[in-house]
Amino acid sequence: MEKPYDAVVVGAGFAGITAARDLADRGYSVVILEAASRIGGRTYARPFAGREDLRAELGGSWVNRDLQPGVRREIARYGIALTEDPEPGGAVFLTDGTLRSFPVPARELPDLERLICHLRDASKRIAPSQRLSSQPIRDLDVSADEFIAPLELGPATRDLLYATIGWYSGADPREVSMLGFIAQTAGFGHSPYGFFGALTERFVGGAGTLLDRMVEQSRLEVRLGHHVARIERSEDAVTVRTRDGQSVEARSCVVAVPTNVLRHIDFNPALSADKQKLLAVNHQGRAYKPSIVARNVPPRSFALGTGSLQSICHGYELADGSVLLMGFGGEGAARLDPTDRDQVEAAVREYYPEAEVLAVDAHDWNADPLFDGTYRIDRPGQAYDFLRAMNEPEDRVVFAGTDLDDSVWRIWIEGAVNSGHQAADGVSVVLGRG
Ligand SMILES: Cc1cc2nc3c(=O)[nH]c(=O)nc-3n(C[C@H](O)[C@H](O)[C@H](O)COP(=O)(O)OP(=O)(O)OC[C@H]3O[C@@H](n4cnc5c(N)ncnc54)[C@H](O)[C@@H]3O)c2cc1C
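Given the structure is predicted, the values throughout are model-derived calculations rather than measurements. (Residues numbered from 1 in each chain as written. Predicted model: local features only at pLDDT ≥ 70, side-chain atom pairs only at ≥ 80, totals over all residues. Heavy atoms only, no water.)

### What about the sheet that holds strand 12 (residues 238-242)?
Pairing is mixed in the open sheet, where four strands are placed in the order 13-12-11-15. At either margin of the open sheet sits one strand with a lone partner, and together these are strand 13 (247-250) and strand 15 (266-268). Going across the sheet, the axis of each strand differs from the next one's by a mean of 15 degrees, ignoring polarity. (Pairing = 2+ DSSP bridges. Helix = DSSP H or I, 4+ residues; strand = E, 2+ residues; numbered from the N terminus. Axes fitted to C-alpha atoms, helices over the stretch in contact; angles between N-to-C directions.)

### Re the domain arrangement of the protein chain
For the protein chain, the assigned domains read domain 1 (7-42 + 206-282 + 376-432) and domain 2 (86-199 + 290-361). Once you take the C-alpha centre of each, domain 1 and domain 2 turn out to be 30 Å apart. With 18 residues of domain 1 in contact, the opposing surface of domain 2 contributes 25 residues. For the pairing of domain 1 and domain 2, the buried interface totals around 1800 Å² over both sides, and the portion due to carbon and sulfur atoms is 61%. Counting every contact that joins domain 1 to domain 2 gives two salt bridges. With a shortest N-O distance of 3.0 Å, arginine 138 and aspartate 385 are connected by a salt bridge. On inspection of domain 1 and its partner domain 2, the count reaches 13 residue pairs in polar contact (both at pLDDT 80 or more). (Domains from an automatic or database assignment. Contact = heavy atoms within 4.5 Å. Buried area = accessible area lost by both parts, 1.4 Å probe. Salt bridge = Lys/Arg side-chain N within 4 Å of Asp/Glu carboxyl O. Polar contact = N/O pair within 3.5 Å; in protein donor to acceptor, adjacent residues only side chain to side chain.)

### Points about the site of the ligand
Near the ligand lie 37 residues; those nearest to it are Glu34, Arg42, Trp62, Thr402 and Ile413. Between a nitrogen atom of the ligand and a main-chain N or O atom of valine 228, the distance comes to 2.9 Å. Contacts to the ligand include tryptophan 412, whose backbone N or O atom sits 3.2 Å from an oxygen atom. Elements that contribute at least two residues to the shell around the ligand include exactly helix 1 (14-25) and helix 12 (413-432). Of the residues contributing to the shell around the ligand, the split by class is 21 nonpolar, 13 polar and three charged. (Near = heavy atom within 4 Å. Nonpolar A, V, L, I, M, F, W, Y, C, P; charged D, E, K, R; others polar.)

### So, the packing of aromatic side chains
Within this structure, the stated rule accounts for nine aromatic pairs. Plain terms: the ring middles of phenylalanine 267 and phenylalanine 399 are 6.1 Å apart, the flat faces sit at 50 degrees to each other, and that makes the pair tilted. Of the two residues, phenylalanine 267 is situated in strand 15 and phenylalanine 399 in strand 22 (residues 397-399); the sequence distance between them amounts to 132 residues. Both residues of the pair, phenylalanine 267 and phenylalanine 399, belong to the buried class. (Phe/Tyr/Trp six-rings, centres within 6.5 Å; stacked < 30°, edge-to-face > 60°. Buried < 20%, exposed > 50% of the residue type's maximum accessible area, 1.4 Å probe, protein only.)

### Let's talk about helix 5 (residues 155-169)
Compared with the 21 Å implied by 1.5 Å per residue over 15 residues, the 20 Å span of helix 5 between its first and last C-alpha is a close match. Counting buried positions along helix 5 yields 13 of 15 residues, so the element is predominantly enclosed. Just downstream of helix 5, glycine 170 is the residue with a positive phi angle, here 70 degrees. (Expected span 1.5 Å × (residues − 1).)

### Some words on the sheet that holds strand 6 (residues 82-84)
Sheets are built from strands that pair by backbone hydrogen bonding, the pairs being arranged parallel or antiparallel. The strand order across the open sheet formed by three strands is 5-9-6, and the pairing between neighbours is antiparallel. The open sheet has two edge strands with one neighbour each: strand 5 (62-63) and strand 6. Here two bridges tie strand 5 to strand 9 (residues 201-203), and the two strands are oriented antiparallel to one another. Along strand 9, the bridge assignment pairs tryptophan 62 with arginine 202.

Written out as structure tokens, the structure reads:
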């Protein structure tokens, strides 16, 4: 039997790798077990299917070094190159069933102003530097309809909010807790539409370039193809068993898998009753993000609305005059196969009637059993309790991942990095106890 590690980390996404790297920095012995054949989890860049001259970023890609201190520190430490997207030069909106170049008709501008003020005022109640679950904001854990009910918005303004929430969540906006969206608004400088302009930086070669550097420089031991099925705790050790019968023993454990798949790991002793209850049902985040090569689309355009896709962002222009676009939609709004050229073309034409889609590529995160969804989007009334329950360690086992990050950057890469740091701190306390 091999000597027990100080820590075993389950999941090689940003949270797991950050936690492992922090522990290695402190001199602890660490091993990472990852079920897939690659690291990176929900960040995933690879050659574009059918267009191998291009790269498709199928998961998380945009960051903002000014607003996101965790990502900024990692990029600086490892000297990672970023690229800046061009600013949109125009926009098209699909609200109240009408395609328009202005988000709402002029008569609804006061409604839009009320909505923006209402969102900003709610976000100002959140201090971005403090844990969400320590702030008195439980009353924001309500549906979009409940949140906007006092405003009596016109239909186009309401659609604009629905489209924005749909873009952010990949879920039916009426079934999404507003808490996460308002917290994110606080992160983007208390600006309700702040993220429209704030997310313009991407990793050259994909976010995996940073993860590769973290693994290489700290010589982290990563075992790929190790699907964890069971985690046993005793008074002084944790034994982690994989589906194919291998086991690793350690003095502590960080579990950094997406929360929708956590219930498939058999914990012995069982998780707390609170955790079991909250993990029993899937969250609402079921987005898709097709990468699209298209022609006959206005230059540097941006689209937002209640179409089959809720937004289409401009990536960059290609040498042959076509453009690379990123679409965002979700099962909550429309069923769409994001790898089907015809379906994606029909969705793009809802915004750009002349568009011709030449190629599409996407990863189906919702069908992938290692994720079973995209990123955590809680139902109304569940976000606050989830953060409290999931950030409680279970003796020698701590939990990590963007889905349970207790900051305004929950669901983002920044949230995964932050959660990884917190988990390393939690494990250091366990290891310090001896
Ligand atoms: C389509 C999409 C677009 C996004 N866009 C952005 C963006 O532009 N900017 C941004 O900041 N964020 C974005 N995100 C979110 C960002 O990608 C995530 O917040 C982040 O990558 C999550 O990291 P994580 O470590 O918490 O989880 P993951 O990256 O999901 O890592 C968890 C790991 O656990 C593994 N695993 C699962 N089960 C087991 C098991 N039983 N045993 C062993 N291993 C297991 C998985 O294979 C995975 O590698 C996007 C996400 C998606 C899906």
